[in-house]
Amino acid sequence: MSHTLGIRQAQKQKTRQAFLDAALALLEEQSLSSLGLREVTRAVGVAPTAFYRHFRSTADLGVALVDEALGSLHPMVRTTVSTTGDSFERIVGAVELIDRHVEAFPAHVRFIARERHGGVQPVREAIRDQLARFAQEVKAELAKDPQAAGWSDDDLLMLAHLYVDQMLITASLFLETLEASPEERARVMRLATRQLRLISIGRAHWQD
């Protein structure tokens, strides 16, 4: 019996993932607010009623996509603001890490960039909540740095949000240049590095 339940659970998870993958592909060309339930089920090859075994609505599907797109990024975000090693080397490493993530998951990055200010409220809120979690995690990493001595919690959180916002800006820059020339991509990488350096320099002199 348990073996049968395991097979059913695996099949259910496979179908759920098929919905997520189909929706993500369809959202390459449109926003979530215009995505139809029948459009998704047709892409998966199932009846519309099957959708409701996995999601309450397309908004619920969108929230699941947010979890998929951002949930795995927490280790990367912490690495980006690691306090170990040379400051400039850390920044270059962080920019390269973001670049590799965009190359690996462009559809996820595009989805977040579009829906962060999109027309589906539960999805906007899910993105906002995930970014708030990122900021808290970045704040915890920043607080480990001796340079943070004397900083208030509010100032550390403000700095954390600056880093998180800049990571999103950097990801969007790389997304726009995926098909660009090597020279243009190198220019964008230099720009992203300088922008993060500017935040770091301001951080070093904030309490002067």
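Residues numbered from 1 in each chain as written. Predicted model: local features only at pLDDT ≥ 70, side-chain atom pairs only at ≥ 80, totals over all residues. Heavy atoms only, no water.

**As for the overall build of the protein**
Stated precisely, the cut-off is as follows: We count a stretch as a helix when DSSP gives it H or I for four or more residues in a row; a strand needs E for two or more, and each element gets its number in order from the N terminus. A 1.4 Å probe rolled over the protein chains alone gives each residue an accessible area, and that area as a share of the maximum for its type sets the label: buried under 20%, exposed over 50%, partly exposed in between. What makes two residues a contact is simply this: any of their non-hydrogen atoms within 4.5 Å. All accessibility values rest on the Shrake-Rupley procedure with a 1.4 Å probe; residue burial counts only the protein chains present in the view. For this count, His and the chain ends are skipped, Lys and Arg are scored as positive, and Asp and Glu as negative. Where a charge lies is defined by one atom per residue type, namely NZ (Lys), CZ (Arg), CG (Asp) and CD (Glu).
Scanning the protein for helices and strands turns up 10 helices and zero strands. Secondary structure elements of the protein occur, N-terminal to C-terminal, as α-α-α-α-α-α-α-α-α-α. Its C-alpha atoms give the protein principal-axis dimensions of about 65 × 45 × 35 Å. By residue count, 40% of the 208 residues in the protein fall in the buried class. Sequence-distant contacts, at least 24 apart, represent 67% of the contacts inside the protein between residues at least 6 apart. On the protein, roughly 11600 Å² of surface is accessible, and the fraction owed to carbon and sulfur atoms is 54%. When the 25 positive and 27 negative side-chain charges of the protein are each reduced to one mean point, those points stand 7 Å apart.

**Structural notes on the packing of aromatic side chains**
The relative placement of two aromatic rings is captured by the distance of their centres and the angle of their planes. Test applied: The aromatic pairing rule takes the rings of Phe, Tyr and Trp, using the six-membered ring of Trp, and pairs them if the centres are within 6.5 Å, calling planes under 30 degrees apart stacked, those over 60 edge-to-face and the rest tilted.
Taken as a whole, this structure holds five aromatic pairs when the rule is applied. Between Phe 51 and Tyr 52 the ring centres are 5.6 Å apart and the planes differ by 85°, which places this aromatic pair in the edge-to-face class. Using a relative accessible area of 52% as the deciding quantity, one classes Tyr 52 as exposed. Note on Phe 51 and Phe 55: the rings are 5.6 Å apart at their centroids and 40° apart in plane angle, and the pair reads as tilted. For Phe 55, a relative accessible area of 2% gives the class buried. Taken together, the ring pairs connect Phe 19, Phe 51, Tyr 52 and Phe 55 into an aromatic cluster.

**Re the side chain of Glu 141**
This is how it is decided: N or O atoms closer than or at 3.5 Å make up a polar contact, with two conditions inside protein: a donor-capable atom paired with an acceptor-capable one, and, for residues adjacent in sequence, both atoms drawn from side chains.
Tracing the backbone shows Glu 141 in helix α8 (residues 121-142). Since its relative accessible area comes to 14%, Glu 141 is described here as buried. A distance of 3.1 Å separates a polar atom in the side chain of Glu 141 from a polar atom in the side chain of Lys 144.

**A word on α8**
For clarity, the threshold we go by: Any helix carries an expected span of 1.5 Å times its number of residues minus one.
The first and last C-alpha atoms of α8 sit 31 Å apart over 22 residues, in line with the 32 Å expected at 1.5 Å per residue. Along α8, the positions that sit buried rather than exposed are Val 123, Ala 126, Ile 127, Gln 130, Leu 131, Phe 134, Ala 135, Glu 137, Val 138, Lys 139, Glu 141 and Leu 142.

**Regarding the environment of Ile 98**
With respect to the helices and strands, the residue Ile 98 is situated in helix α6 (residues 87-104). When the C-alpha atoms of Ile 98 and Ser 172 are compared, they prove to be 9.9 Å apart, with 74 residues separating the residues in sequence. Setting aside its immediate chain neighbours within four residues, Ile 98 contacts Met 76, Met 167, Thr 170, Ala 171 and Phe 174.

**Some remarks on helix α9 (residues 153-176)**
Compared with an ideal rise of 1.5 Å per residue, which puts 24 residues at 34 Å, α9 spans 35 Å between its outermost C-alpha atoms and is within 8% of the ideal. Residues Leu 156, Leu 159, Ala 160, Tyr 163, Val 164, Gln 166, Met 167, Thr 170, Ala 171, Leu 173, Phe 174 and Leu 175 constitute the buried set of α9.

**As for the confidence of the model for the protein**
Formally: pLDDT is defined as a per-residue confidence score from the predictor, taking values between 0 and 100.
Taken over all residues, the pLDDT of the protein has a mean of 89, while the share at 70 or more is 93%. The least confident element of the protein is helix α5 (residues 74-80), whose mean pLDDT is 69; the most confident is helix α2 (residues 37-44), at 95.

**Thoughts on the nonpolar core**
One recurring pattern in soluble globular proteins is that nonpolar side chains are buried together. The criterion, for reference: In plain words, nonpolar cores are sets of buried Ala, Val, Leu, Ile, Met, Phe, Trp, Tyr and Cys residues tied together by side-chain atoms within 4.5 Å.
Leu 61, Val 66, Phe 111 and Tyr 163 are the most contacted members of the largest nonpolar core, which has 54 residues in total. Per-element accounting of this core gives the leading share, 10 residues, to α9. Once residues within four sequence positions are removed from consideration, Val 66 is found in contact with Gly 71, Phe 111, Ile 112, Val 123, Ala 126, Ile 127 and Gln 130.

**Brief notes about the side chain of Arg 185**
Turning to its location among the elements, Arg 185 is positioned in helix α10 (residues 182-204). Only 3.0 Å separates the side chain of Arg 185 from the backbone oxygen of Thr 177, close enough to count as a polar contact.

**Focus: the pattern of salt bridges**
Close approach of charged atoms lets side chains of opposite charge pair. Here is the rule: Take a side-chain nitrogen of Lys or Arg and a carboxyl oxygen of Asp or Glu: if they are within 4 Å of each other, that pair is a salt bridge.
According to the stated counting rule, one finds 10 salt bridges in the structure shown. Arg 110 is the salt-bridge partner of Glu 28, the closest N and O atoms lying 2.5 Å from each other. Of this pair, Glu 28 sits in the loop between α1 (2-26) and α2 while Arg 110 sits in helix α7 (residues 106-115); the two residues are 82 residues apart in sequence, bridging distant segments of the chain. Residue classification places Glu 28 among the partly exposed positions, given a relative accessible area of 27%. For Arg 187, the salt bridge is made with Glu 184, and the minimal N-O distance between the two is 2.8 Å.

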